[in-house]
Amino acid sequence: MRKSFRTLIIGVSAVALGFAGSAVSTAGPERAADLPSDVVSAMQRDLGLTAEQAARRAAQQDDADRLDDVLKGRLGTAFGGAWFDSDSGRLAVAVTDAARAGEVRAAGARAHVVRHSESDLEKIKKDLDSLAGRAEDDGSRTRPGRAPSDAVKGLTSWSVDPRTNAVTVVALAGRSEKAVAGLKKYGDAVKVEYTDVEPSTTAFLDGGDVLYYGAFGGGYCSTGFNVRNVSNGLRYVLTAGHCGPAGTAVYGYTGAQIGTVQSAFFPTYDDALVRVTNTGAWTQGPWVDVNPSQGGVVTVSGYSDSPVGTAICKSGVTTKLTCGVITAKRQTVTYTGGQTVYDLTRHSACVERGDSGGSNYRNSGTRTAEGVTSGAQLYLLNGQYRCGQAVGQPNVSWYYPAAISLPYYQSVYGVTLW
């Protein structure tokens, strides 16, 4: 399939999601029987699942993701958010109108009656984003942000949490009293959690294979997904924006140059395109490495923007293949140094330095691209920065969503997943 060349990363072609009928899966493990053994092993290790449970969950998540889009549109202002409930294997949906709970159940989801609509909670998040300096986005990515206000000083992240029906704000203990006091005006629509650790970008990442920036053997990141413009034949790699600016030369694990960074965005966003000019040295396709940079691959097709509770796996040059669960969507995160990125997806897979830019995908019956690794909450252990599980803490990691990156780069460069 890949000749004698080392495959760089992954590719995909966008697929529209349709839905007909209930979200409850009646399919057994055979529906996801093509899960590679490496991926099944990672899900067993990181999520505590048997092989049979991993396959069944993959099918259930496919169903839940389709139903999420349907019910959000159908419920309108009564929609309070949704998440995948791993205990029941079904989508859970919050509604502000008790009279519509039956409608949710009839569609195959679990209903939860709540006080706040998702749209009302998003307005609070928008207030905080504005205080952090976010500019109104016209789709061009050219509008500069502003300096953050002291009103969010000491707040490290925030996002709408459908499970608690609130905007969850994470604050630095002992360094955020003024900002936390300012949140009281939102009442029970805001929930505050405290941490002693600031988020940091994972610096150099792999979406499968290593990307060296500036020189072979220098600073490195990971590749995310292979993309291409089918009309003109140009090839690219989607990765993280914080790895290096436009114009930087990029090399692969063999020492051969790959190309240069075509476009990069960080902070505010965290994605980039590497233009692959040395096409004779690198074979690309719809693949993600499960043991970077020398292991086997899985095939990814299409991209998704899955709900909270969905199991995902990520591939990166440092921690290789690890799996976790989406714990927040569209989260605003302020990294060390005061660099704020918006719309990140938070998850619980182990991520460390060097994994930046690496591929994150939903490991369901059909593996779909979810995004490229952005950063993590890391802990210093024996001179190295490690993910939470290394020190007995929960893993807190983030990726920048493919559902935002790919439409933008398609509009500007005409690219699609492989």
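Residues numbered from 1 in each chain as written. Predicted model: local features only at pLDDT ≥ 70, side-chain atom pairs only at ≥ 80, totals over all residues. Heavy atoms only, no water.

**Considerations on the overall build of the protein chain**
Then, number 1: Per the secondary structure count, the protein chain includes six helices and 25 strands.
Then, number 2: In terms of C-alpha radius of gyration, the protein chain reaches 21 Å, essentially the compact-globule figure of 22 Å for 418 residues.
Then, number 3: Judged by the C-alpha coordinates and their principal axes, the protein chain covers about 60 × 50 × 45 Å.
Then, number 4: Taken over 418 residues, the protein chain has a buried fraction of 56%.
Then, number 5: In the protein chain, the share of contacts with a sequence separation of at least 24, taken over all contacts with a separation of at least 6, comes to 65%.
Then, number 6: Accessible surface, the protein chain as shown: approximately 16,000 Å² in total, 48% of it carbon and sulfur.
Then, number 7: When the 41 positive and 39 negative side-chain charges of the protein chain are each reduced to one mean point, those points stand 2 Å apart. (Helix = DSSP H or I, 4+ residues; strand = E, 2+ residues; numbered from the N terminus. Rg over C-alpha atoms; globule rule 2.2 N^0.38 Å. Buried < 20%, exposed > 50% of the residue type's maximum accessible area, 1.4 Å probe, protein only. Contact = heavy atoms within 4.5 Å. Areas by Shrake-Rupley, 256 points an atom, 1.4 Å probe, with all protein chains shown as cover. Lys, Arg positive; Asp, Glu negative; His and termini not counted. Charge placed at Lys NZ, Arg CZ, Asp CG, Glu CD.)

**Re the UniProt feature "domain: Peptidase S1A alpha-lytic prodomain" (unreviewed entry) in the protein chain**
Then, number 1: Taken from the UniProt record, the annotation "domain: Peptidase S1A alpha-lytic prodomain" (unreviewed entry) applies to residues 116-180.
Then, number 2: In residues 116-180, helix accounts for 28% and strand for 22%; the two terminal C-alpha atoms are 20 Å from one another. (UniProt positions renumbered as here; feature names shortened; annotations may be inferred.)

**Quick word on the nonpolar core**
Then, number 1: Core analysis: the biggest nonpolar cluster contains 38 residues, and V39, M43, F225 and Y361 have the highest contact counts within it.
Then, number 2: Top element by residues in this core is strand β18 (residues 320-335). It accounts for five residues.
Then, number 3: Core analysis: the second largest hydrophobic core is formed by 18 residues, L128, A132, V160 and V169 among them. (Core = buried A, V, L, I, M, F, W, Y, C linked by side-chain atoms within 4.5 Å.)

**Observations regarding the environment of R56**
Then, number 1: Assignment of secondary structure puts R56 in helix α2 (residues 51-75).
Then, number 2: With a relative accessible area of 29%, R56 lands in the partly exposed category.
Then, number 3: With 313 residues separating them in the primary sequence, R56 and A369 have C-alpha atoms 20 Å apart.

**Here we look at the side chain of S222**
Then, number 1: One can find S222 in strand β9 (residues 219-222).
Then, number 2: For S222, a relative accessible area of 0% puts it in the buried group.
Then, number 3: Side-chain polar atoms of S222 contact the backbone nitrogen of V317, separated by 3.1 Å. (Polar contact = N/O pair within 3.5 Å; in protein donor to acceptor, adjacent residues only side chain to side chain.)

**As for the state of the cysteines**
Then, number 1: Evaluated as defined, the whole model comprises three disulfides.
Then, number 2: What pairs with C313 in a disulfide is C323, and their sulfur atoms sit 2.2 Å apart. Disulfide C313-C323: the torsion about the S-S bond is 90 degrees, which places it as right-handed. Pair noted here: C313 is in strand β17 (residues 311-316) and C323 is in strand β18, with a separation of 10 residues, a long-range link. Of the two residues, C313 and C323, both sit in the buried class. (Disulfide = S-S within 2.5 Å.)

**Considering the UniProt feature "domain: Peptidase S1" (unreviewed entry) in the protein chain**
Then, number 1: Look at the UniProt record and you will see "domain: Peptidase S1" (unreviewed entry) annotated at residues 235-376.
Then, number 2: Strand forms 51% of residues 235-376 and helix 0%; the C-alpha atoms that close the span are 29 Å apart.

**A closer look at helix α1 (residues 37-47)**
Then, number 1: Residues of α1 that are buried include every one of V39, V40, A42, M43 and L47, and no others. Angular distribution of buried residues about the axis of α1 spans 160 degrees; they occupy a single face of the element. For α1, exposure combined with an orientation more than 90 degrees from the buried face picks out S37 and R45.
Then, number 2: In this structure, the buried residues of α1 make contact with α2, β16 (297-299), β17, β18 and β20 (359-362).
Then, number 3: Positive phi appears at G48, one or two residues downstream of α1, with a value of about 70 degrees. (Arc of directions from axis to C-beta.)

**What to know about the sheet that holds strand β13 (residues 257-265)**
Then, number 1: Judged by pairing direction, the sheet is antiparallel, and its eight strands sit side by side in the order β9-β8-β12-β13-β14-β11-β10-β25 without closing on themselves. The open sheet is flanked by β9 and β25 (416-417), the only strands paired with a single partner. (Pairing = 2+ DSSP bridges.)

**Thoughts on the sheet that holds strand β3 (residues 110-113)**
Then, number 1: Pairing is mixed in the open sheet, where three strands are placed in the order β1-β2-β3. Whereas interior strands pair on both sides, the edge strands pair on one side only; in this sheet they are β1 (79-85) and β3. When the angles between neighbouring strand axes are averaged without regard to direction, this sheet yields 20 degrees.
Then, number 2: Where β1 and strand β2 (residues 90-95) come together, five bridges link them in antiparallel fashion. Its bridge partner being in β2, F84 is matched across the sheet by L91. (Axes fitted to C-alpha atoms, helices over the stretch in contact; angles between N-to-C directions.)

**A short note on unusual backbone geometry**
In most cases, non-glycine residues show a negative phi, while peptide bonds are predominantly trans.
Then, number 1: Cis geometry marks the peptide bond from F266 to P267, where omega comes out at -5 degrees.
Then, number 2: For P267, the position within the fold is in the loop between β13 and β14 (271-276).
Then, number 3: Although it is not a glycine, R141 sits at a positive phi angle of roughly 65 degrees.
Then, number 4: By the secondary structure assignment, R141 is in the loop between α4 (118-131) and β4 (155-161).
Then, number 5: Since its relative accessible area comes to 10%, R141 is described here as buried.
Then, number 6: Positive phi is not limited to glycine here, since T268 has a value of about 75 degrees.

**Quick notes on α2**
Then, number 1: Given a rise of 1.5 Å per residue, 25 residues ought to cover 36 Å, and the 36 Å separating the end C-alpha atoms of α2 matches this to within 8%.
Then, number 2: Within two residues after α2, G76 carries a phi angle of roughly 60 degrees, on the positive side. (Expected span 1.5 Å × (residues − 1).)

**Side note on the pairing of strand β19 (residues 339-347)**
Then, number 1: Among the nine residues in β19, eight count as buried, and that is most of the element.
Then, number 2: Taking the residues that link successive antiparallel strands as the turn, the β18-β19 hairpin has three residues, and the phi of G337 there is positive, at about 95 degrees.
Then, number 3: Relative to strand β24 (residues 397-401), β19 runs antiparallel, the two being bridged by three bridges. Its bridge partner being in β24, R346 is matched across the sheet by W398.

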